[in-house]
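Observations on chain architecture
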Amino acid sequence: MFKRLISLEWKSFFRSASMGKSIGLKILMIFLGIYFTAIFLLFGIGLYPLVEKYFPGETPLFVINRFVLVWLLVELAYRFLLQTLPVLNIKPLLILPIKKRKVVNFVLLKSLYSFFNFLPLMVIIPFGIFNIYKEQFATGPVLAWMIGMAGFTFCVNYANFIIKKRFTENLKALIPVLVVFSGLAILDYFKIFEISVWFGKGLNEILFYPFIAIIPILLFVVLYLWNRKNLESKFYLDTTLKEQTKIINTREFLWTRRFGDIAPYLQQDLKLIWRNKRPKTSIYMSILFLGYGLFFYTQDTYQDLPWSFVFVGIFITGMFMINFGQFIPAWDSNYYPMIMAQNIPMNRYLTAKAGLITFSVVALAILATPYAYFGWRIFLLNIICAIYNIGVNIPILLYAGSFNRKRIDLDKSPFMNYQGAGAAQWLVGIPLMVIPVFLFWIFYKFISYESGMLFLFGLGVLGLILRSRLIDSIAQIYKRNKYAMIEGFKQQGD
């Protein structure tokens, strides 16, 4: 049965409408995987000599054990932020004579092959081999320690799934947990109650009583069974139905009527943002990242690197443009076939999107005016970057949207939700962020700072002048890709 489920997963990947982009994204992820594997492996190889150097006279394994609890908490934190839950489309399987426990076991065991489980082993195994080579401990106890550490890694894997299921829909419920952990961290830091030291002493006992390594393995089994029970209880089509009727915000945004033909589309986009968490989060993130410039403008290091200020200007004035624009038209994926079946001019549809993003860029540029405190050059550069975003980057985002094939479910949690992300979302960052920085750098290097600003300003104005023609051309591309996009949005993928 597992072989058959693996075969179905394989066919689902290669028959997907976004197969080409998925392969491109996976190739990119493979290169990143090789990079991080090399870093962790080098760290694992060099860990023993580093401990000997900075903790002379102490047993390296005992030193590392004191920091294992901190490592596990950090691992849990970055898994919570980055690791996605294992998924499988169960609808076609519900009508087949397949026991749900087998399907659930397949999903959970599939998560063991996660790259997040592989990276810690690149540190644990070389460090363990070093200890065996140095003969500070017998081979058996060190192997038991390595097995116990691997068990803790798998425990973090399944604990992360439980925490995500419990807290991602209600992040406020996570606050008491964070308060408790913060309190324990403070007590440990001031050596009032050194929980990390006591945890390390427990790990030290494995080297004297190797059978203790069974404890993390048993904990791993308990967490596995806990996850299995949770998934089995939700192995039904109607588990996502809400027990209570959700109150819908019926705000109509009637003031948009003054914008003429594009008013209906603006209303739909504003309703989408107002009523759904994920697009609304784009607004909050845009406001939050307005402070990003403080990391650059206050550092003397960047004063001699003015091209970095272009990156900051593009970023802070275009944060909403990037977050929202890169998923056009996937935001409408739930009803995109209906849109395409109506007599809706595609250029008006895209003009409305461009208008909404333009308003966001102008608003963020106004909110960024306090950066004038750091000088008129920075203030003026931010304004020019906003104009460049409006004239150049918005058409680029609309063009990149014609390659989107992955749907977005607006009901899902916005927290670290990568649904709808494909190769287009990765690659579009190059023209958005890198090209303006590179162009400014050329003019700054060979002519002057002001000439770089003037060139970006000219490109932005030229884009504004040609906007209608650019949108008409992009609309033709959307029409050619119409059926491929509809087919892609119908598929239930990540």
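Cut-offs applied
- Residues numbered from 1 in each chain as written.
- Predicted model: local features only at pLDDT ≥ 70, side-chain atom pairs only at ≥ 80, totals over all residues.
- Heavy atoms only, no water.
- Salt bridge = Lys/Arg side-chain N within 4 Å of Asp/Glu carboxyl O.
- Buried < 20%, exposed > 50% of the residue type's maximum accessible area, 1.4 Å probe, protein only.
- Helix = DSSP H or I, 4+ residues; strand = E, 2+ residues; numbered from the N terminus.
- pLDDT = per-residue confidence, 0-100.
- Contact = heavy atoms within 4.5 Å.
- Patch = residues over 30% accessible without salt bridge, like charges linked within 9 Å, V, L, I, M, F, W, Y side chains within 5 Å.
- Areas by Shrake-Rupley, 256 points an atom, 1.4 Å probe, with all protein chains shown as cover.
- Phe/Tyr/Trp six-rings, centres within 6.5 Å; stacked < 30°, edge-to-face > 60°.

Below, the discussion takes up the pattern of salt bridges. Pairs may arise between side chains of opposite charge once their charged atoms sit close together. Counting across every chain of the model gives four salt bridges. Among the salt bridges present, the one from E58 reaches R66, with a minimum N-O distance of 3.2 Å. Given the relative accessible area of 36%, E58 is considered partly exposed. For R377, the salt bridge goes to E450, with nearest N and O atoms at 2.8 Å. Of this pair, R377 sits in helix α17 (residues 376-401) while E450 is found in helix α20 (residues 449-465), placing the two residues 73 residues apart along the sequence. Given the relative accessible area of 34%, E450 is considered partly exposed.

Attention now goes to the confidence of the model for the chain. Taken residue by residue, the chain gives an average pLDDT of 80. The fraction at 70 or more is 79%. The low-confidence segment residues 240-250, where pLDDT is below 50, has four contacts with residues more than four positions distant or belonging to other chains. Below pLDDT 50 for its whole length, residues 414-420 participates in 28 contacts with residues either more than four positions away or in separate chains.

Next up on the list: a nonpolar patch on the surface. Together, I186, L187, Y189, F190, I192, F193 and W198 give the surface a local cluster of nonpolar side chains, amounting to about 840 Å² of exposed area. In terms of residue count, helix α7 (residues 175-189) provides more of the nonpolar patch than any other element does, three residues in total. If you trace the backbone, I192 turns up in the loop between α7 and α8 (195-204).

In this structure, E135 is a non-glycine residue whose phi angle is positive, near 60°. Note that E135 resides in the loop between α5 (115-134) and α6 (139-167). Residue E135 is classed as exposed on the basis of its relative accessible area, which comes to 68%. The backbone of K191 sits at a positive phi, close to 60°, despite the residue not being glycine. Along the polypeptide, K191 turns up in the loop between α7 and α8. Residue class for K191 comes out exposed when judged on its relative accessible area of 62%.

Right, let's get into the packing of aromatic side chains. Inspection of every chain in the model, using the stated rule, returns 29 aromatic pairs. Taking the centre distance of 6.4 Å and the plane angle of 70° together, the rings of F40 and W71 count as edge-to-face. One end of the pair, F40, is in helix α2 (residues 19-54); the other, W71, is in helix α3 (residues 60-82), with 31 residues separating them in the sequence. Relative accessible area serves as the criterion here: at 17%, F40 is assigned to the buried category. We classify W71 as partly exposed; its relative accessible area is 30%. A centroid spacing of 5.6 Å and a plane angle of 45° characterise the contact between Y297 and F374, whose relative ring orientation is tilted.

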